[in-house]
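# Understanding the architecture of this molecule
Below, each chain spelled out in residue letters.
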Amino acid sequence: MNKVDVLSRLSEEMTAALHCAPQVSGQEICCDPLQQMRSDYEKGRAFWNEGGPQMHEINELDVEYEGGHVRTRLYYPTQRLQSPALIYIHGGGFIVGSMNTHDRIMRILAEASGAVVIGIDYTLSPEAKYPQAIEECVAVSQFFLKHGHEHGIDCENMGYAGDSAGAYLSLASYLWQRDAGMDIGYIKCLLLYYGLYGLKDSCSRKLYGGEWDGLTKEDLEYYQEMYLNSDKEIDAAYYCLFNNNLSENIPPSFIASSEFDPLLDDSEALYKIFESHGIECEYKMYPGTLHAFLHYSKVMNASNQALSDGVNYFLQCLKYQ
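A brief report on the enclosed structure follows. (Residues numbered from 1 in each chain as written. Predicted model: local features only at pLDDT ≥ 70, side-chain atom pairs only at ≥ 80, totals over all residues. Heavy atoms only, no water.)

The subject of this paragraph is the overall build of the protein chain. For the protein chain, the helix and strand inventory stands at nine helices and eight strands. Since a compact globule built from 321 residues should have a radius of gyration of about 20 Å, the 18 Å found for the protein chain is in line with a globular shape. Dimensions along the principal axes, computed over C-alpha positions, put the protein chain at roughly 55 × 40 × 40 Å. In the structure as shown, the protein chain presents an accessible area of about 13,500 Å², 49% of it carried by carbon and sulfur atoms. Here the protein chain holds 23 positive side-chain charges and 45 negative ones, and the gap between their average locations is 1 Å. (Helix = DSSP H or I, 4+ residues; strand = E, 2+ residues; numbered from the N terminus. Rg over C-alpha atoms; globule rule 2.2 N^0.38 Å. Areas by Shrake-Rupley, 256 points an atom, 1.4 Å probe, with all protein chains shown as cover. Lys, Arg positive; Asp, Glu negative; His and termini not counted. Charge placed at Lys NZ, Arg CZ, Asp CG, Glu CD.)

The next point concerns the packing of helix H4 (residues 132-147) against helix H5 (residues 165-179). Relative orientation of the contacting elements H4 and H5 amounts to 70 degrees, with a least axis distance of 9 Å. Judged by the angle between their axes, H4 and H5 are roughly perpendicular. Every pair of crossing elements has a handedness; the one defined by H4 and H5 is right-handed. Contacts between H4 and H5 pair Ala 133, Ile 134, Glu 135, Cys 137, Val 138, Ser 141 and Gln 142 from the former with Tyr 168, Leu 169, Ala 172, Ser 173, Trp 176 and Gln 177 from the latter. Looking at the contact of H4 with H5, its residues break down into eight nonpolar, four polar and one charged. (Axes fitted to C-alpha atoms, helices over the stretch in contact; angles between N-to-C directions. Parallel < 35°, antiparallel > 145°, perpendicular 65-115°, else oblique. Left-handed = near helix turned anticlockwise from the far one by under 90°. Contact = heavy atoms within 4.5 Å. Nonpolar A, V, L, I, M, F, W, Y, C, P; charged D, E, K, R; others polar.)

Bringing the sheet that holds strand E5 (residues 153-163) into the picture now. The mixed open sheet is built from eight strands, whose spatial order is E1-E2-E4-E3-E5-E6-E7-E8. Only two strands of the sheet have a single neighbouring strand rather than two, namely strand E1 (57-65) and strand E8 (281-286). Adjacent strand axes in the sheet meet at a mean angle of 20 degrees, parallel and antiparallel pairs treated alike. Sheet topology note: the strand E6 (residues 187-193)/strand E7 (residues 253-258) ladder contains four bridges and is parallel. Of the residues in E7, the one forming a bridge with Leu 191 is Phe 254. Across the sheet, helix H3 (residues 103-113) lies against strand E2 (68-76), strand E3 (83-89) and strand E4 (116-121), angled at about 50 degrees from E2, the strand it touches most. On the sheet, helix H9 (residues 301-319) packs against E3, E5, E6, E7 and E8 and is oriented at approximately 165 degrees with respect to E6. (Pairing = 2+ DSSP bridges.)

Moving on to empty space enclosed by the protein. In this approach the atoms are scanned with a rolling probe the size of a water molecule, which exposes any empty space left behind. Scanning the model with the defined rule gives one cavity of 30 Å³ or more in all. In terms of lining residues, the largest cavity is bounded by Arg 45, Trp 48, Asn 49, Thr 101, Arg 104, Ile 105, Ile 108, Leu 294, His 295 and Ser 297. Of all the secondary structure elements, the ones that give two or more residues to the lining of the largest cavity are helix H2 (33-48) and H3. Broken down by element, the residue count for the lining of the largest cavity peaks at three residues, all from H3. In the lining of the largest cavity, the residues fall into four nonpolar, four polar and two charged. (1 Å grid on protein atoms, 1.4 Å probe; cavity = no way out; pocket = protein on both sides within 12 Å on 5 of 7 lines; lining within 4 Å. Points joined across faces, edges and corners; volume = space filled by probe spheres on them.)

Next up on the list: the pattern of salt bridges. Evaluated as defined, the whole model comprises 13 salt bridges. Between Arg 38 and Glu 127 there is a salt bridge, and its shortest N-O distance comes to 2.8 Å. Remark: Glu 127 occurs in the loop between E4 and H4 and Arg 38 occurs in helix H2; sequence separation between them is 89 residues. When the shortest N-O distance is used, the salt bridge between Arg 107 and Asp 103 registers 2.7 Å. You can see Arg 107 and its partner Asp 103 sitting in helix H3, four residues apart, about one turn around the helix. For Arg 107, a relative accessible area of 7% translates into the label buried. Classification of Asp 103 by relative accessible area gives buried; the value is 16%. (Salt bridge = Lys/Arg side-chain N within 4 Å of Asp/Glu carboxyl O. Buried < 20%, exposed > 50% of the residue type's maximum accessible area, 1.4 Å probe, protein only.)

Here is the structure:
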């Protein structure tokens, strides 16, 4: 009852996006509520993925690793010219989402940057528990570091990008490689959009979140329960990233947040930690927006601006290496 009246404070274009979103819930009833959620999410995102940039080439590739294989999708905005690459990790609370649900986002990033964008179709939870998704993302990253030249990629000039759970997985995957002594010099920057990084309680979690964004207190607890093996992992250094060493050996980072997101304080805390330790970073909060606003580029200037801001940051990082 103490939450802010978020819907009355949204920007006009954010409100318009909510009003034109397709009603897909329950079109096909599944016996399993989680499968219903996944089906609804895929159908809803299909509307938002319509249109957008056309690619010169799109290929899919299975990356083998000791735990099995991971499906990836490579977006080429131009012909293969040993281009830099952005490894994109999609959001969805660990339990929904795919390369399809984030297709337009990846095409926009590819066209705007001229880089190859590599989407990762990591295994969702609860089928995969922590830290499997991180291990899969690391396996894909190391594969393209070693074999990217075979796929038109400049292996020494890559970056991570991700939204929500994908932003967390981007940072966690980088930290995993750093702490394991793997080669990390190829990652030139991180583009982190409205991620969750480990706060258990915060002002923004108290004030925001509702049925409009699927981020109520109960929703967040459910996503966590599906992802973790047990409550004992809540403080694990690759789940609560604030329990990891964020003070050194971090690449330049663009940290983006949305004004009425219960995860807003995660992004602000991450930025302040980086800034205080001299980590090169830029923080930008997009006014009047909700969590997941990147999806609404068909009708929202803020979505396109946030993607453009990230691309410009990536290109600047490449320029000054």
